[in-house]
Amino acid sequence: MKLLFVAAFLAVAAAVPSSYKPEYKAPSYPAPSYTAPKYPTPSYPSPAYPTPAYPAPAYKKDNKYDDITITSQSDERNLDGSSQWSYAQSDYTTREESQVQKKMQG
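Rules used in this analysis
Residues numbered from 1 in each chain as written. Predicted model: local features only at pLDDT ≥ 70, side-chain atom pairs only at ≥ 80, totals over all residues. Heavy atoms only, no water. Helix = DSSP H or I, 4+ residues; strand = E, 2+ residues; numbered from the N terminus. Buried < 20%, exposed > 50% of the residue type's maximum accessible area, 1.4 Å probe, protein only. Contact = heavy atoms within 4.5 Å. Areas by Shrake-Rupley, 256 points an atom, 1.4 Å probe, with all protein chains shown as cover. Polar contact = N/O pair within 3.5 Å; in protein donor to acceptor, adjacent residues only side chain to side chain. Expected span 1.5 Å × (residues − 1). Patch = residues over 30% accessible without salt bridge, like charges linked within 9 Å, V, L, I, M, F, W, Y side chains within 5 Å. Salt bridge = Lys/Arg side-chain N within 4 Å of Asp/Glu carboxyl O.

1. Focus: the overall build of the protein chain
So, step 1. The secondary structure content of the protein chain amounts to two helices and three strands.
So, step 2. In the protein chain, which comprises 106 residues, the share counted as buried stands at 3%.
So, step 3. Within the protein chain, contacts between residues separated by at least 24 positions form 0% of all contacts whose residues are at least 6 apart in sequence.
So, step 4. Carbon and sulfur atoms make up 59% of the accessible area of the protein chain, which totals about 11,700 Å².

Structure below.
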């Protein structure tokens, strides 16, 4: 009996027209009509940079571990001054360090 009542209620609710508008249309605004400002050319000369005394480094050529990347890292700093950090690489090597703040005698 309850199921029949729920089904009848849903049928009536579905048949009632909705008061909501079917679609919202955003207002359209005209494009602004102004011209771009014209700036004067600077009156000072552009700087002349000297040629470097050494060539730029070639990182890709010198990096023999190009395919090894850092896969995870962690850094933790505590209020008492202690800290620890670690990282793992894609070749399964890891490194961890920790330090403790020494207490001052006073």
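2. Some words on the side chain of Ser 82
So, step 1. Take Ser 82: it is sitting in the loop between strand 1 (70-77) and strand 2 (83-89).
So, step 2. Within the local environment of Ser 82, its side chain forms a polar contact with the side chain of Asp 80, the two groups lying 2.7 Å apart.
So, step 3. Filtering out sequence-adjacent residues up to four positions away, Ser 82 remains in contact with Glu 76, Arg 77, Gln 99, Val 100 and Gln 101.

3. What about helix 1 (residues 2-15)?
The periodicity of an α-helix, 3.6 residues per turn, causes residues three or four positions apart to be oriented the same way.
So, step 1. With 14 residues, helix 1 should cover 20 Å at 1.5 Å per step; its first-to-last C-alpha distance of 20 Å lies within 8% of that length.
So, step 2. Burial runs low along helix 1: only zero of the 14 residues are buried.

4. Focus: a nonpolar patch on the surface
So, step 1. Taken together, the side chains of Phe 5, Val 6, Phe 9 and Leu 10 define a hydrophobic patch exposed on the protein surface, amounting to about 460 Å² of accessible area.
So, step 2. Looking at where Leu 10 falls in the secondary structure, it is placed in helix 1.

5. Some details on the pattern of salt bridges
So, step 1. Here the structure, examined in full by the defined rule, presents two salt bridges.
So, step 2. Residue Arg 77 pairs with Asp 75 through a salt bridge whose shortest N-O separation is 3.4 Å. Take Arg 77 and Asp 75: they sit in the same class, and that class is exposed.
So, step 3. Residue Glu 97 is joined to Arg 95 by a salt bridge in which the shortest nitrogen-to-oxygen separation is 2.7 Å.
So, step 4. Its relative accessible area of 38% is what places Glu 97 among the partly exposed residues.
So, step 5. Looking at Arg 95, the relative accessible area reads 42%, which means it is partly exposed.

6. A word on the environment of Glu 97
So, step 1. Of note, Glu 97 is situated in strand 3 (residues 94-99).
So, step 2. Put simply, Glu 97 and Tyr 87 are ten residues apart on the chain and 9.6 Å apart in space, counted from C-alpha to C-alpha.
So, step 3. With residues up to four places along the chain from it excluded, the contact list for Glu 97 reads Ser 83, Gln 84 and Trp 85.
So, step 4. Reaching out from Glu 97, the side chain makes a polar contact with the side chain of Arg 95 at a distance of 2.7 Å.

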